[in-house]
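Secondary and tertiary structure notes
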Amino acid sequence: MRSNRPSIKRSNPRSARRRLLWFISGLCCLLYDVHPALAIQPHGAPEGLYAHQIAHLGFLIAMAYIWLRTRHRTGEGWRLIRLSFVFFAVWNMNTFINHGISAALDPTKFQGDMGTLPRYLVTRSTLDIYFFFGQMDHFLCIPAALCLGLGLRKMRRAAQHTFSDDVY
Amino acid sequence: MSIELPLFYVYLVDSTGSLLMLALAVWIFREAYCLRRHSFMHLYLFLLSCSLGTFAISRAIGHILSYFLRYTGRSELWEAIRPISGGVNTLLFVIIASLSFYYGIFRNLQESRDREKERHVKEVQKARDFLQMVIDSLNTQLVVIDRAYRIVMANKKFLTDMNLSKEEALTYSCYQLLHNACDTVDDCQKDESESHLCPWKKIDQGEAPVPMTHVHKNPATQEERYTEISASPVYGDEGAVEYMIETLTDVTDKVKLEKLQQEKLTGIIELASAVAHELNTPMFTVLGNAQLLRRQMKTDAPGKMELNTIIRNVKKMSQLTKEMVNITEYTTKDYVDIEKLFDIAAASGPKDEKPDHWQIERAQRETRWLNLEKLAAMGQLTASVAHELNNAINIVLGFSQLLLRDANENSQTHNDLLKIEKNAKQCQHIVSGLLDYTRSMAREKQLQDVNQHLKDVLKLVAHRMALGKIEVVTEFCPDLKPVWMDPDEIKQVYVNLLNNAADAIQQDGQIRIKTAFDPLHQHILISFSDSGPGIPNEVMDKLFTPFFTTKENGMGTGLGLNVSRDIIRKHGGSLEAKNQPEGGAVFVIRLPVDPGEPQPV
C-alpha cells in the first residue's frame, strides 16, 4: 500500500560531494591573502558629488518616465504639467553637465574680487562658455515651476466643477 | 583666445530666480494642496509639488545665503553649510524620483485592476441583459416588489400593459399602481375581505403563497381586470426574504367565461326542472287519450300498431322526464357552497381553528372547479335527455298526424287524435325551449363528411317530406373533403332550409340537394333547390332580416334564415338565395375546407 506522506527526494551523493569541494576551494581562496577589515568604510569628498549627480540622473529619468506615463492624458492642465516635466528634465541634464564641468574647471579661471566672490570667468573653451550660461539655470527651472503651478491651477478649477475620471 | 565673462549676471539671475522660485514654490504648494484628496494622481502631484517646493526653497535659500556669506567675506561659514544644502537637495531628488516610479508602479497595478473590473462589469452586464431579455420575453406580467411594497423591477409586458416607462414604474408602490384606490398600504390591506389578500403576508408566515385572484385597476385604462397572482420569495444573503416576484396573469376573460358558463349551466338545470314539471300535464293527456283510443280499437284494427308506438314513446317520455328531475335534484342537492361551510366553521369552531382567508381562497378555487365540472356534466346530460325527449315527441307527433290523415273527420277518434296532436305539439314547444338553450352552450367543431351528414339529416325530415309527398333528390359529389363544423348547428341550417322548401312546395314537389367542390376557393358547395313558386323579387332583400316571414301567422318566427346565415358565417362560409330560371328557389351554402385543428365555435 502506498503511503500518502510526501516522499523526500534524496540528493545524489556524488553531486553533494562536488558542492562541498567547491565550497572548500572558495574558502581557501578567501583565506589566501587576509588583511584587517574596518567595520565602517570611510567616505571621501567625491562621493557627495557622485551621489548628487546620481540623484540628478534619477530625477531626470523620473521626469522622462512620468512624461511617458502621462502623455495620453487629455484632462485640463495636463499639457502644462507635461511641459513642466520636460523643463525639469532639461534643467536636470543642464545641471548634471554643469556640475561635471565645475568639478573639472580650473579655479584660476575665476578672476577678480567681489567680496570673496569672483568677478569674471575667463573662458578658453566652449565648455567654459557653456558653464557660464549653464549657471543661469533659473531660465529653465522657473518656467518648469510656472508650468507646474499653472497646470495644477487648471486642474484644480476643473476638479472643482466635476470630479470626473478625466482629470484623474 | 580667452574671453572674460562677467559673473555679475550669473549672480543677478541666480538671486532673482531664487526669490522667484521661493514664491512659485509657495504657490505650487497651495494649488496642489487643494487637489490632494481628489484622486491618487492628485495625491502624487501634491507630493511631487511638495518635494519640488521644498527643493526650490532649500536651493534658493542656499544660493542666496552663499552669495551673502561669500560677499560678506565669510566663506568658511558657507563651506560648512554647503554640504548640508547639497545633501538636502540630493535627498529631495531621490524622493521625487521614488515618488514618480512608485506612482508608475501603482498605476500599472490600478490599470490592471481596472481592466479586470471592467471585464467583470461587462460580464455582469451581459448576464443582466440576458436575464432582462428572458424576463421581457415572458408573455405574462412580471414585477419584483421589495419589503416596502416598492416596485423595483418590471418586465416589458407589465410596462406595456400599464402604459408606463421603466423609470415611471419604479416610482410606484404595488398598492398605488395596481389598487390605485389605495393611497397607503393600510388602505390596501383593509380590502382583504374583498379578495385582496397581500402575498407578503403569506410569505412572512414562511409558506409559499397559493395563487390568488385580485381585482386590479389598470392605471392606463382605469379598467378593472381580474388578475391571477403567483408570488415567490427572493431570499437575501442572510436568509431573510427581501423581495417578492409576482407574476400577474390577466384572467378577466376566463373568469367572465366561467361565470357565463356557470350561469348558463345553472339556467339549463333550472329550466330542465321547470320543463319536467310542465311536461307532466300534456304528456299524460297524450298517454290517456292514446290508451283510451287503443282500448276502443279492435285488436287487428288499422292504426293499432301506430297507437302502440305512440304509447310506448309517451312512456319513454315519462321516464326521461323523471330522469331529468333526478339530474336537477342531484345537481342542486350536492352543490357545495364553500363560503357557507366556512361561515358555519367560523361560528362554531374554536378560535384557533377558524379558517383564514387563505384557506377560504384555496377551498373556493377547488370547489369552484368541482362545481363547474359537475354543472357541465349535468348540463350535458340534461341536453342529451332533452334531445331524446324531443325525438320521442317527434315520433308521437308524427304518428298522431299519420293516424289523423286516415281518421274520419267527424269521428270521436279524430277528436281524440287531435287532442293527442295538440298536446304533443305543446310538449314539443316546451322541450324546444330547453333544446334551444342547450344549443347555445359552447360547442366543439368536428371533422365531418358533408354527404354523410346530409344523409343523416334527411332521415330526420323524411317523415315531413313523406307527408307532403315531396321527393328529395340528391346529387352528391363523391370524394368530398371533410369539413370542420359543428354538426348540430349545421344540421339546424339544413333542417331550416328543407322546412322552408317544403313549406314553399306545400304538396307534391321536388327538393334537389347537390354537393360540389370549388377548387378555386377551396369551398364545399351545398345547394337546396325546390320546385316551389320561388322567392318574390320584392322580398329577396329582406330574406335574411330577423323576424321577417312570408308564412302565415303562427307558422314561422322569421328567425330561421337569419340564424342559419349566422351559423354559416360562424363557420367562415356564406349562405345565398336566388331564384332558378326554370322556377323555384335555390339556397347555396359555401363552407371552407379547413385543414387546420378544430376550434371552438
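Each value, and the rule that gives it
- Residues numbered from 1 in each chain as written.
- Chains lettered and ligands numbered in written order.
- Predicted model: local features only at pLDDT ≥ 70, side-chain atom pairs only at ≥ 80, totals over all residues.
- Helix = DSSP H or I, 4+ residues; strand = E, 2+ residues; numbered from the N terminus.
- Buried ≥ 20, exposed ≤ 12 C-beta atoms within 10 Å, placed from the backbone.
- Contact = placed C-beta atoms within 7 Å.
- Pairing = 2+ DSSP bridges.
- Axes fitted to C-alpha atoms, helices over the stretch in contact; angles between N-to-C directions.
- Nonpolar A, V, L, I, M, F, W, Y, C, P; charged D, E, K, R; others polar.
- pLDDT = per-residue confidence, 0-100.
- Left-handed = near helix turned anticlockwise from the far one by under 90°.
- Expected span 1.5 Å × (residues − 1).
- Core = buried A, V, L, I, M, F, W, Y, C linked by C-beta atoms within 7 Å.
- Parallel < 35°, antiparallel > 145°, perpendicular 65-115°, else oblique.
- Arc of directions from axis to C-beta.

A word on the overall build of chain A
Within chain A, the regular secondary structure consists of five helices and two strands. The order of helices and strands in chain A, counted from the N terminus, is α-α-α-β-β-α-α. Out of the 168 residues in chain A, the part that is buried amounts to 24%. Looking at chain A alone, contacts between residues at least 24 apart form 71% of all its contacts between residues at least 6 apart.

Some words on the overall build of chain B
A count of helices and strands for chain B gives 16 helices and 13 strands. Evaluated residue by residue, chain B yields a buried proportion of 27% over its 601 residues. Relative to all contacts within chain B whose residues are 6 or more apart in sequence, the contacts with residues 24 or more apart total 65%.

Digging into unusual backbone geometry
It is generally the case that most residues other than glycine have a negative phi and that most peptide bonds are trans. All names here are of chain B. The phi angle at Asp479 is positive, at roughly 55°, despite the residue not being glycine. Of note, Asp479 is situated in the loop between strand S8 (470-475) and strand S9 (483-485). In this structure, Gln522 takes a positive phi of about 60° despite not being glycine. Within the secondary structure layout, Gln522 lies in the loop between strand S10 (509-518) and strand S11 (523-530).

Some words on the sheet that holds S11(B)
Residue and element names in this part refer to chain B. The mixed open sheet is built from five strands, whose spatial order is S8-S10-S11-S13-S12. At either margin of the open sheet sits one strand with a lone partner, and together these are S8 and strand S12 (574-579). Direction aside, the axes of adjacent strands within the sheet are offset by 15° on average. Here S11 runs beside strand S13 (residues 585-592); their pairing, made up of seven bridges, is antiparallel. Across the sheet, the residue bridging to Ser529 is Val586, located in S13.

Section: the interface of chain B and chain A
Counting from both sides, the interface comprises 43 residues of chain B and, opposite them, 40 residues of chain A. Among the elements of the structure, strand S1 (3-6), helix H1 (8-35), helix H2 (40-71) and helix H3 (75-137) of chain B are those that each provide at least two residues to the side of chain B that touches chain A. Across the side of chain B that touches chain A, the residue classes break down as 26 nonpolar, 12 polar and five charged.

Things to note about the confidence of the model for chain A
Chain-level statistics for chain A give a pLDDT mean of 83 and a share of 82% at 70 or above. Scored below 50 in pLDDT, residues 164-168 of chain A makes eight contacts in the model with residues more than four places away or belonging to other chains.

Notes on the sheet that holds strand S6 (residues 241-250) of chain B
Residue and element names in this part refer to chain B. One open sheet holds the five strands; their spatial order is S3-S2-S6-S5-S4, and the pairing between them is antiparallel. Looking at strand neighbours, the two that pair on one side only are strand S3 (151-154) and strand S4 (212-217), the edges of this open sheet. Neighbour to neighbour, the strand axes of the sheet diverge by 35° on average, direction disregarded. Of the strand pairs in this sheet, S4 and strand S5 (residues 224-235) are connected by six bridges, and their pairing is antiparallel. By the bridge assignment for S5, Met212 is matched with Ile229.

Observations regarding the packing of helix H15 (residues 487-505) of chain B against helix H16 (residues 560-570) of chain B
Residue and element names in this part refer to chain B. For the pair H15 and H16, interaxial distance at closest approach is 9 Å and the crossing angle is 145°. Here the hand of the crossing between H15 and H16 comes out left-handed. Every residue of H16 that contacts H15 at Glu489, Ile490, Gln492, Val493, Asn496, Leu497 and Asn500 is listed here: Gly560, Leu561, Ser564, Ile567 and Ile568. By residue class, the composition of the contact of H15 with H16 is six nonpolar, five polar and one charged.

Some words on helix H2 (residues 46-69) of chain A
The terminal C-alpha atoms of H2(A), which comprises 24 residues, lie 34 Å apart, in line with the 34 Å expected from a rise of 1.5 Å per residue. Looking at H2(A), one finds that the buried residues are Ala55(A), His56(A), Gly58(A), Phe59(A), Leu60(A), Ala62(A), Met63(A) and Ile66(A). In this fold, the buried residues of H2(A) make contact with helix H3 (78-104) of chain A together with H3 of chain B.

Topic: the nonpolar core
Ala144(A), Ala145(A) and Ile96(B) are the most contacted members of the largest nonpolar core, which has 44 residues in total. Secondary-structure elements contributing two or more residues to this core are H2, H3 and helix H5 (138-161) of chain A together with H1, H2 and H3 of chain B. Not counting chain neighbours up to four residues away, the residues in contact with Ile96(B) comprise Phe59(A), Ala62(A), Leu48(B), Ser51(B) and Leu52(B).

Considering the pairing of S12(B)
All names here are of chain B. Bridging between S12 and S13 involves six bridges; their strand directions are antiparallel. Its bridge partner being in S13, Glu576 is matched across the sheet by Val588. Joining the antiparallel neighbours S12 and S13 is a turn of five residues, in which Gly583 adopts a positive phi near 105°.

Describing the packing of helix H14 (residues 450-467) of chain B against H15(B)
Residues and elements named next belong to chain B. Packing of H14 against H15 brings their axes to within 10 Å, and their N-to-C directions diverge by 40°. Compared by their axis directions, H14 and H15 come out oblique. Relative to H15, the crossing made by H14 is right-handed. Between H14, through His453, Leu454, Val457, Leu460, Val461, Arg464 and Met465, and H15, the contact on the second element is made entirely by Pro487, Ile490, Lys491, Tyr494, Val495, Leu498 and Ala502. For the contact of H14 with H15, the class distribution of residues is 11 nonpolar, one polar and two charged.

Overview of the environment of Ile203(B)
Relative to the helices and strands, Ile203(B) resides in helix H8 (residues 199-204). The spacing of Ile203(B) and Pro233(B) is 30 residues in sequence and 6.7 Å in space, taken between C-alpha atoms.

Some details on the confidence of the model for chain B
All names here are of chain B. Residues with a pLDDT of 70 or more make up 84% of chain B, whose mean pLDDT is 80. Predicted confidence for residues 595-601 stays below pLDDT 50, and this span has 12 contacts to residues more than four positions away or in other chains. Predicted as a complex, the structure gets a pTM of 0.45 and an ipTM equal to 0.73.

Here's the deal with H16(B)
All names here are of chain B. Considered for burial, the residues of H16 that qualify are Gly560, Leu561, Ser564, Arg565, Ile567 and Ile568. Looking straight down H16, one finds its buried side chains confined to an arc of 160°; they lie on one side. One or two steps after H16, the chain reaches Gly572, where phi turns positive at roughly 80°.

Digging into the environment of Ile28(B)
Residue placement: Ile28(B) occurs in helix H1. Along the chain, Ile28(B) and Leu52(B) lie 24 residues apart, while their C-alpha atoms are 8.9 Å from each other. With residues up to four places along the chain from it excluded, the contact list for Ile28(B) reads Ala145(A), Leu148(A), Gly149(A), Leu152(A), Ser49(B), Leu52(B) and Gly53(B).

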